[in-house]
Amino acid sequence: HLSKLSCPLAAYERRFPTCHLIPMFVDSEVLEETESEDGSIHQVQRRCKLDVDAPRLLKRIAGVDYVYFSQENTLNKRERTLHIESHNETFSNRVIIHELCSYSAHPENDDWTCFEQSASLDIKSFFGFESTVEKMAMKQYASSIKKGKEIIEFYLNQLEEEGISHVPRWTPSLDAPFSSSSSVTTKPIATAINNDATQSDATSNDATSQPDNQMENQLGTPDDKLDADYIKRYLGDLTPLQESCLIRLRQWLQESHKGKIPKDEHILRFLRARDFNMEKAREILCQSLTWRKQHQVDYLLETWTSPQVLNDYYTGGWHHHDKEGRPLYILRLGQMDTKGLVRALGEESLLRHVLSINEEGLRRCEENTKVFGRPISCWTCLVDLEGLNMRHLWRPGVKALLRIIEVVEANYPETLGRLLILRAPRVFPVLWTLVSPFIDENTRKKFLIYAGNDYQGPGGLLDYIDKEVIPDFLGGECMCEVPEGGLVPKSLYRTAEELENEDISLWTETIYQSASVFKGAPHEVVIEIIDASSVITWDFDVCKGDVVFHLYHSKRAPQTPRKDPLVGQHSSITTPGGNNVQLIDKSWTLGLDYSMVESPLTCKEGESVQGSHVTRWPGFYILQWKFHTMPGSASTNLPRVDDVLASLQVSSHKCKVMYYTEVIGSEDFRGSMTSLESSHSGFSQLSHATSSSNHSQSSSMISR
């Protein structure tokens, strides 16, 4: 921007220590001020206090009222330039904001001032509110740019009103300070920050000046972190201990999963399923998140289309809600031809259909929470067993049912609020004996079983469901659109081979690949780059063990492993747990045959990592996951394959990763770093928008 103004540099200094034109700028303190011997260079370092326009809930969760920035101004009177560099102190280990501004005289016209401004935002994690923080930051930054010229003009007019219309150019002979009214002080930066931290009104919770355990303790104080209205509205009654468990587990997920975390309601389900035992809840939640990601369950409602045979013969569907506002699902199991459905569809299609029902249930719980104004985190299921007979005890059908129960129990805990089993026949105890051992004890406590017409009497259906929504087939007046079922025509049955092939394709339709990593035998992936300045992106989860991730470059193409008997034997051993491919030849020398282009990254079990690398040269890039050897462990000199076979005897010497890589051409990403975001790793159904964390990880790992 150009402006025909004579003294914007003097006007800029008038913005401090406060600026009423920027309401969020409430205070600033000079930490250090220096001047060169000849007076030509004047440097000022300030600590600025901002009252960010953020939602009250976000401030409560973050535990801050004000945000602090460090700013360094360098005025070079000889070259007629003012450089301003600022970065955030508050939450600097979670969010990195870096801004550069420059004022300078136009090289062709001394009456014109050139102004340049740039900034970068890198959100690593922010308590699950990454998208909100990114939008707020962009909004406020855009607003500050818009007001920048207006503020300078205001202070220029103020200078003119005081009779100052021109600031003479500095010359060595004058050798005078820039401003006679300014006092020159020198104050160590660290001291200033520490003194500020001891003041009673210091509320920044600056991550750079607090030990990690202090931050953790603070996050574990629920009264300071979660708004009472938010808890009442969305989470329900929580004790201080339960609230603390939620905050600590969410923080751990935020740090280990790089921002990709589910909503509080979903985390709470896993905590409740394990009676708020942090370690147990964390283990099953991480396993479930990996499962969801591997099988793209978050996109199931958008991608899954029920086969026509399910629409016609699957006797289940959603039907209004119960008296507590919970979504009501009705299953007429006694009218369902389970054998016919399994023979026509296969076990995997039935499982996917049940998963889509559960995903729909989560969505309906969210909707009912908004409608009724109170937390609704589970649903009620009504199962009508009229018509149940020995046909339903067909062994493959029971096996499919047990498999479905196992998957649902592991990934949708505490989603069933009540199960009403109606018109249970004499054969039901046999089925119950087969199934009940596979159902969690807490879930079994939610079962209410009625034989015959007992559900019509006291303590029956009317206690839980309004009379107006009781289905017609149970004696109510409400029409129920759940299919009536019937026998699946045998003409729709499929052969075992057809079902097996379809089952395989259903659960292998994933963009992620699995790989085993052994002590002495890393897993490696090669990517050929033709066009320099392309971007290699990666997204991987460490499912078992700890690994070290490397990225190498080579001008030579690695040789694919030879199919000799020993390698074949090795492949057959490792295939059940994922592939293991080694590409870097043992004779290659690091620094000669290939070079490291990214610093090694140690990744712990359960972590989810995303990143990218802007390539500088064409050639072959090798992504490597290597077994992380604990300090003090001696490495062997066995040949790599022999080392694998030896390490197979020790389960602790095997790691497993699930990964996805993609190359983005330079023409596709130039000018827009947001194209580096991965659209495959966010939990769309369970989490608020989290793509900004992918963006931040991408930009933070660019090799320059």
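Bear in mind the structure is a predicted one, so any value in this text is a computation, not a measurement.

Participant: Break down the overall build of the chain for me, with residues and values.
Facilitator: The helix and strand tally for the chain stands at 22 helices and 20 strands. For the chain, buried positions account for 49% of its 704 residues. Partitioning the intrachain contacts of the chain with sequence separation of at least 6 by distance along the chain shows that 77% fall at a separation of at least 24. Summed over its atoms, the accessible surface of the chain is roughly 34,800 Å², and 51% of this surface lies on carbon and sulfur atoms.

Participant: Lay out the confidence of the model for the chain in plain terms, naming residues and giving numbers.
Facilitator: For the chain, mean pLDDT is 75; residues scoring 70 or higher make up 74% of the total. Per-element averaging of pLDDT across the chain places helix α22 (residues 691–700) at the bottom with 31 and strand β9 (residues 327–331) at the top with 96. Confidence drops under a pLDDT of 50 for residues 563–578, and excluding neighbours within four residues, the segment shows 21 contacts in the predicted structure. This model gives residues 669–704 a pLDDT under 50, and the stretch forms 106 contacts once residues within four places in sequence are excluded.

Participant: I'd like to hear about the sheet that holds β9, residue by residue, with values.
Facilitator: Spatially, the five strands line up as an open sheet ordered β8-β9-β10-β11-β12, and their pairing is mixed. With partners counted over all chains shown, the strands left at the sheet margins are β8 (316–321) and β12 (447–451), one partner each. In this sheet, neighbouring strand axes are inclined to one another by 20 degrees on average, regardless of whether the strands run parallel or antiparallel. Bridge count between strand β10 (residues 379–384) and strand β11 (residues 416–424): six bridges; the pairing is parallel. Pairing of L382 across the sheet is with L420, part of β11. Contacts between helix α14 (residues 347–372) and the sheet are confined to β8, β9 and β10, with β8 contributing the most and set at about 5 degrees to the helix.

Participant: Describe helix α13 (residues 338–345), with residues and values.
Facilitator: Of all eight residues making up α13, six are buried, and the element is well covered by its neighbours. Within α13, burial applies to T338, G340, L341, V342, A344 and L345. Two residues or fewer after α13 comes G346, characterised by a positive phi angle close to 95 degrees.

Participant: So what's going on with the packing of aromatic side chains? Residues and values would help.
Facilitator: In this structure the tally under the stated criterion is 13 aromatic pairs. An aromatic cluster of at least three residues, connected via ring pairs, comprises W538, F540, F549, W625 and Y659. The ring centre of Y66 lies 4.2 Å from the NZ or CZ of K49, which sits over that ring. A cation sits over an aromatic face here: R233 above Y234, 5.1 Å from the ring centre.

Participant: Can you explain helix α15 (residues 395–411)? Please cite residues and give values.
Facilitator: With 17 residues, α15 should cover 24 Å at 1.5 Å per step; its first-to-last C-alpha distance of 25 Å lies within 8% of that length. Every buried residue of α15 is listed here: G397, V398, A400, L402, I404, I405, V407, V408 and N411.

Participant: Please give an account of the pattern of salt bridges that cites residues and values.
Facilitator: Counting across every chain of the model gives 23 salt bridges. Residues joined by salt bridges that share partners form a network here, namely E347, E348, K399 and R403.

Participant: So what about the side chain of K263? Which residues, and what values?
Facilitator: Here K263 shows up in the loop between α8 (240–256) and α9 (264–273). Given the relative accessible area of 14%, K263 is considered buried. Side chain to side chain, K263 and E366 meet in a polar contact 2.6 Å long.

Participant: Describe the packing of α14 against α15, listing the residues and the values that go with them.
Facilitator: Running from N to C, α14 and α15 cross one another at 35 degrees; their axes reach a closest spacing of 10 Å. Handedness of the α14/α15 crossing: right-handed. Residue-level inspection shows E347, E348, L350, L351, V354, L355 and N358 of α14 in contact with α15, the latter providing K399, A400, R403, I404, V407 and V408. Taken together, the residues of the contact of α14 with α15 break down into eight nonpolar, one polar and four charged.

Participant: Describe the pairing of β10, and please don't skip the residues or the numbers.
Facilitator: In terms of burial, β10 is a largely internal element, six of the six residues being buried. The alternating pattern of β10 places W379, C381 and V383 and T380, L382 and D384 on opposite faces, both of which are buried. As judged from the four bridges shared by β9 and β10, these two strands associate in the parallel manner. Looking at the pairing, L328 lines up with T380 of β10. This β-α-β element, β10 to α15 to β11, shows right-handed connectivity.

Participant: Talk me through unusual backbone geometry; I want residue IDs and the actual numbers.
Facilitator: Despite not being glycine, F276 has its phi angle at roughly 60 degrees, a positive value. Secondary-structure assignment places F276 in the loop between α9 and α10 (278–294). With a phi close to 55 degrees, R423 is a non-glycine residue in the positive phi region. Position of R423 among the secondary structure elements: in strand β11. Owing to a relative accessible area of 14%, R423 belongs among the buried residues under this scheme.

Participant: I'd like to hear about the packing of helix α7 (residues 228–235) against α9, residue by residue, with values.
Facilitator: At their nearest, the axes of α7 and α9 sit 11 Å apart, and the two run at 70 degrees to each other. As judged from the angle between their axes, α7 and α9 are roughly perpendicular. In this structure, α7 uses Y230, Y234 and L235 to contact α9, whose residues at the interface are D264, E265, L268 and R272. A breakdown of the residues in the contact of α7 with α9 according to their chemical character gives four nonpolar, no polar and three charged.

Participant: Summarise the environment of L385; cite the residues concerned and give the values.
Facilitator: Here L385 lies in the loop between β10 and α15. You can call L385 buried: its relative accessible area is 2%. Residues L385 and Q335, spaced 50 residues apart in sequence, show a C-alpha to C-alpha distance of 7.6 Å.

Participant: Can you break down the sheet that holds strand β14 (residues 523–529) residue by residue, with the values?
Facilitator: Adjacent strands of a sheet form backbone hydrogen bonds with each other and so pair up, either parallel or antiparallel. Strands sit in the order β14-β19-β16-β17 across an open sheet of four strands; the sheet is antiparallel. At either end of the open sheet lies a strand with only one pairing partner, and these are β14 and β17 (595–603). Across the sheet, the mean angle separating the axes of adjacent strands is 15 degrees when strand polarity is ignored. Here strand β16 (residues 547–554) pairs with β17 via six bridges, running antiparallel.

Reading the values: rules and limits
Residues numbered from 1 in each chain as written. Predicted model: local features only at pLDDT ≥ 70, side-chain atom pairs only at ≥ 80, totals over all residues. Heavy atoms only, no water. Helix = DSSP H or I, 4+ residues; strand = E, 2+ residues; numbered from the N terminus. Buried < 20%, exposed > 50% of the residue type's maximum accessible area, 1.4 Å probe, protein only. Contact = heavy atoms within 4.5 Å. Areas by Shrake-Rupley, 256 points an atom, 1.4 Å probe, with all protein chains shown as cover. pLDDT = per-residue confidence, 0-100. Pairing = 2+ DSSP bridges. Axes fitted to C-alpha atoms, helices over the stretch in contact; angles between N-to-C directions. Phe/Tyr/Trp six-rings, centres within 6.5 Å; stacked < 30°, edge-to-face > 60°. Lys NZ or Arg CZ within 6 Å of the ring centre and 35° of its normal. Expected span 1.5 Å × (residues − 1). Salt bridge = Lys/Arg side-chain N within 4 Å of Asp/Glu carboxyl O. Polar contact = N/O pair within 3.5 Å; in protein donor to acceptor, adjacent residues only side chain to side chain. Left-handed = near helix turned anticlockwise from the far one by under 90°. Nonpolar A, V, L, I, M, F, W, Y, C, P; charged D, E, K, R; others polar. Right-handed = clockwise from strand over helix to strand, strands pointing away. Parallel < 35°, antiparallel > 145°, perpendicular 65-115°, else oblique.

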